[in-house]
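# Survey of secondary and tertiary structure
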Amino acid sequence: MFRHSQLESVKAWIVRPAHAAMPLHARIQRAIRQLIVDGALGPGKPLPASRALARSLEVSRDTVEAAYAQLHAEGFINRRVGSGSFVAEMTEFASNRHLSQRDTLLRNQAPNLGKRGGAMFRSGGVREMLSPRPFAHGIPETRSFPLQLWERLERQVRKEVGAQTLLHGDPQGTAPLRRAIADYVNLERGARATADRILVLTSSQQALWLCANMLLDPGDRIFVEDPAYYGAGKAFDAAGLECVPVQVDRQGIVVDRIITEPRRAKAVFLTPSHQFPTGVTLTLDRRMALIEWAMRHQAWIIEDDYDSEFHYAGKPTACVQGLDPYDRTIYIGTFTKSLFPGLRIGYVVLPPQLVKPMTVARTLLDGHSAPMAQLTLARFMEGGHFGAHVRTMRGVYAQRLGVLADLLGKHLSDFLEPGIPAGGLQMPCVLTCDIPERTAIDAARRVGIELMGLSALHAAGDGKAGFLMGFAAYTPLEIEVAVKKLGNAFRTLAKL
Ligand SMILES: Cc1ncc(COP(=O)(O)O)c(C=O)c1O
């Protein structure tokens with residue numbers, strides 16, 4: 001008493017190669033169970049008599065009986081002597097059709113989250129583009145990454161370290177990588193790091209989350225650059241902190257405002273080497289004043305040094321952490337920009353007293369970072385490949401920055417003014433025409449171009465209209481095509 005399609009789907013299930021290892025009666029039982037779960041056989045529907053089904057499937061009656069017995073034992077069918085087998089009533093709510101209807105209803109309902117969960121959810125999270133297109137910001141060139149070399153190093157690690165890489169790793173990070181990072185930040189960033197002060201994480205974002213939740217309590221204040229990196233603001237909001245915006249001028253965050261601010265704060269977050277999004281560098285006297293302020297108030301300086309590898313004019317200034325003799329600074333670094341975002345390795349250089357608490361806290365989040373990737377990266381750094389890659393990419397990005405600047409001058413000078421940065425992977429541009437920022441961004445998206453608006457990065461949402469244009473991940477030709485498209489889109493808008 002199966003419909004033709006139902007019988008065919010049972011037959012198809014039975015002969016599928018993936019199911020070949022199962023005994024025949026189990027395959028028949030699973031195939032019928034699937035029909036019930038999918039709602040194709042509703043509650044109360046009769047099943048064929050075992051003799052009839054055995055004939056249709058060309059199997060013995062005992063085989064079908066065994067399948068029915070199992071379905072009965074699992075509660076999917078009822079068997080009544082004399083009248084046959086029927087799909088059980090209780091399956092109504094378990095069927096996939098019902099579940100998917102229920103899922104849709106529930107997904108649209110307000111979730112019953114806790115206060116902390118609600119704050120995290122409302123933050124909207126930080127999601128980056130999966131397939132970047134011009135001019136998505138902050139993305140490095142990955143198409144020319146030396147993958148073969150990376151794979152060779154990975155094979156070496158697997159051969160030498162063997163099955164140990166398959167086990168749990170040190171929550172603080174593998175020793176070779178911590179050593180390599182300490183050497184790198186000391187030499188290149190002027191930090192004062194040792195391997196035992198490094199905590200390897202999956203990202204800067206994880207570091208921000210740890211700082212927000214380990215160093216401050218809900219309701220505590222934190223000074224934040226204005227405009228600021230959205231990922232930091234979201235992490236702090238989600239932790240229930242009160243962000244106190246502090247203006248950024250041409251010399252970086254206005255430290256005098258912090259010193260004279262009547263509302264005390266327990267920490268300050270900043271991107272001193274290459275301010276996000278303006279691109280300015282915090283001057284040395286302001287760095288020193290900030291360190292003194294932190295010492296006096298026993299406050300923390302959270303230093304996000306996310307892309308200082310890419311500095312095109314001279315050397316980047318040394319990091320704040322290296323200037324701080326009082327150990328009030330937490331230095332955050334990442335390989336998202338210098339290598340590739342999919343690597344998911346970031347790190348912090350911690351004051352000694354924070355190493356244990358932060359390491360314990362990270363075990364509650366994700367245990368530890370993957371040992372295989374850490375050991376491969378350590379070799380990449382020890383072998384000088386990291387330095388070489390960064391040098392190569394610095395040249396590539398400097399050229400792309402020049403191309404973008406030239407093309408903007410040629411095709412978009414009536415609409416915007418580029419702020420050519422001394423470093424980084426993106427260029428801030430200010431709109432100089434009457435087109436509102438949102439309209440410009442929407443028009444760009446319609447022609448396949450991604451722009452990040454600048455005004456929303458300001459605490460009051462009232463910054464100068466403009467956008468960030470990422471250039472590092474796109475070839476000169478891709479940049480040219482995109483700039484021309486953008487020019488056409490803006491000219492069309494201007495005519496309206
Ligand atoms: C200022 C800043 N910090 C941190 C990050 C993200 O780094 P990660 O991928 O390690 O979280 C970004 C990425 O855009 C950034 O712009």
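Everything numeric here is computed off the predicted structure, so don't read it as measured data. Chains are numbered independently. Their residues run from 1 in the order of the written sequence. pLDDT decides what is reported in this predicted model: residues at 70 or higher carry local features, side-chain atom pairs at 80 or more are listed and counted, and totals for whole chains, interfaces and linings draw on all residues regardless.

## Considerations on the pairing of strand β9 (residues 329-334)
- Exposure in this text rests on C-beta crowding, where 20 or more other C-beta atoms within 10 Å of a residue's own make it buried, 12 or fewer make it exposed, and counts in between make it partly exposed. The C-beta atoms are placed from the backbone. The helix and strand labels rest on DSSP assignments: H or I over at least four residues marks a helix, E over at least two residues marks a strand, and numbering proceeds from the N terminus. By the criterion of burial, β9 is predominantly enclosed, with six of the six residues buried.
- Of the two faces of β9, the one holding Thr329, Tyr331 and Gly333 and the one holding Ile330, Ile332 and Thr334 are both buried throughout.
- By definition, two strands form a pair when at least two bridges between them are found by DSSP. Relative to β9, strand β8 (residues 300-304) runs parallel, the two being bridged by four bridges. Of the residues in β9, the one forming a bridge with glutamate 303 is tyrosine 331.
- Two elements, β9 and strand β10 (residues 346-349), share four bridges in a ladder whose sense is antiparallel. Across the sheet, isoleucine 332 pairs through a bridge with valine 348, a residue of β10.

## A short note on the domain arrangement of the chain
- Source of the domain bounds: an automatic or database domain assignment. Domain assignment breaks the chain into domain 1 (4-94), domain 2 (147-385) and domain 3 (388-495).
- On a C-alpha basis, the centroid separation for the pair domain 1 and domain 3 is 61 Å.

## Quick look at the site of the ligand
- The ligand sits among 14 residues. The nearest are Gly138, Ser203, Ser204, Thr334 and Thr336.
- Throughout, the ten residues Ala, Val, Leu, Ile, Met, Phe, Trp, Tyr, Cys and Pro are labelled nonpolar, Asp, Glu, Lys and Arg are labelled charged, and all others, Gly among them, are labelled polar. Taken together, the residues that form the shell around the ligand break down as four nonpolar, nine polar and one charged. Should the C-beta atom of a residue, placed from the backbone, lie within 6 Å of a molecule or strand, that residue is near it.

## Quick word on the nonpolar core
- One nonpolar core equals one set of buried Ala, Val, Leu, Ile, Met, Phe, Trp, Tyr and Cys residues connected by C-beta atoms within 7 Å. Ile222, Ala267, Val268 and Val348 are the most contacted members of the largest nonpolar core, which totals 114 residues.
- Taken together, domain 2 (147-385) and domain 3 (388-495) each give at least three residues to this core, which thus spans both.
- Contact criterion: two residues are in contact if their C-beta atoms, reconstructed from the backbone, are within 7 Å. Not counting residues within four places of it along the chain, the set of residues in contact with valine 348 comprises Leu199, Leu201, Ala207, Ile330, Tyr331 and Ile332.
- One finds Val10, Ala31, Leu35 and Leu57 within the second-largest nonpolar core, a separate group that totals 17 residues.

## What about unusual backbone geometry?
- The peptide bond linking aspartate 226 to proline 227 adopts the cis configuration, its omega dihedral lying at 5 degrees.
- Of note, proline 227 is situated in the loop between β4 (221-226) and α10 (230-238).
- With an omega of 10 degrees, the peptide bond running from phenylalanine 276 to proline 277 counts as cis.
- The residue glutamate 58 is not glycine, and still its phi comes out positive at about 55 degrees.
- With respect to the helices and strands, glutamate 58 occurs in the loop between α3 (50-57) and α4 (61-73).
- In this structure glutamate 58 comes out as exposed when scored by C-beta crowding, with 7 C-beta atoms within 10 Å.
- The phi dihedral of glutamine 298 is positive, around 50 degrees, even though this residue is not glycine.

## A short note on the sheet that holds β8
- Read from one edge to the other, the open sheet built from eight strands follows the order β3-β10-β9-β8-β7-β4-β5-β6, with strand pairing classed as mixed. Of all strands in the sheet, those with a lone pairing partner are β3 (198-201) and β6 (252-253), marking the two edges.

## Considering the sheet that holds strand β13 (residues 452-453)
- Read from one edge to the other, the open sheet built from four strands follows the order β11-β12-β14-β13, with strand pairing classed as antiparallel. Each having just a single partner strand, β11 (416-418) and β13 make up the two edges of the open sheet.
- Pairing between β11 and strand β12 (residues 426-431): three bridges, direction antiparallel. Each bridged residue has a counterpart across the sheet, and for proline 418 the counterpart in β12 is cysteine 429.
- Angles run from 0 to 180 degrees between N-to-C directions of axes, and those axes are lines fitted to C-alpha atoms, restricted for helices to the stretch in contact. Relative to the sheet, helix α17 (residues 437-446) contacts β12, β13 and β14 (466-470), its axis offset from that of β14 by approximately 35 degrees.

## Observations concerning the environment of phenylalanine 135
- With respect to the secondary-structure elements, phenylalanine 135 resides in the loop between α6 (115-122) and α7 (147-161).
- Spatially, the C-alpha atoms of phenylalanine 135 and valine 483 are 9.3 Å apart, while their sequence positions differ by 348 residues.
- Apart from residues lying up to four places away in sequence, phenylalanine 135 is in contact with Ile449, Glu450, Leu451, Met469, Gly470, Phe471 and Ala482.

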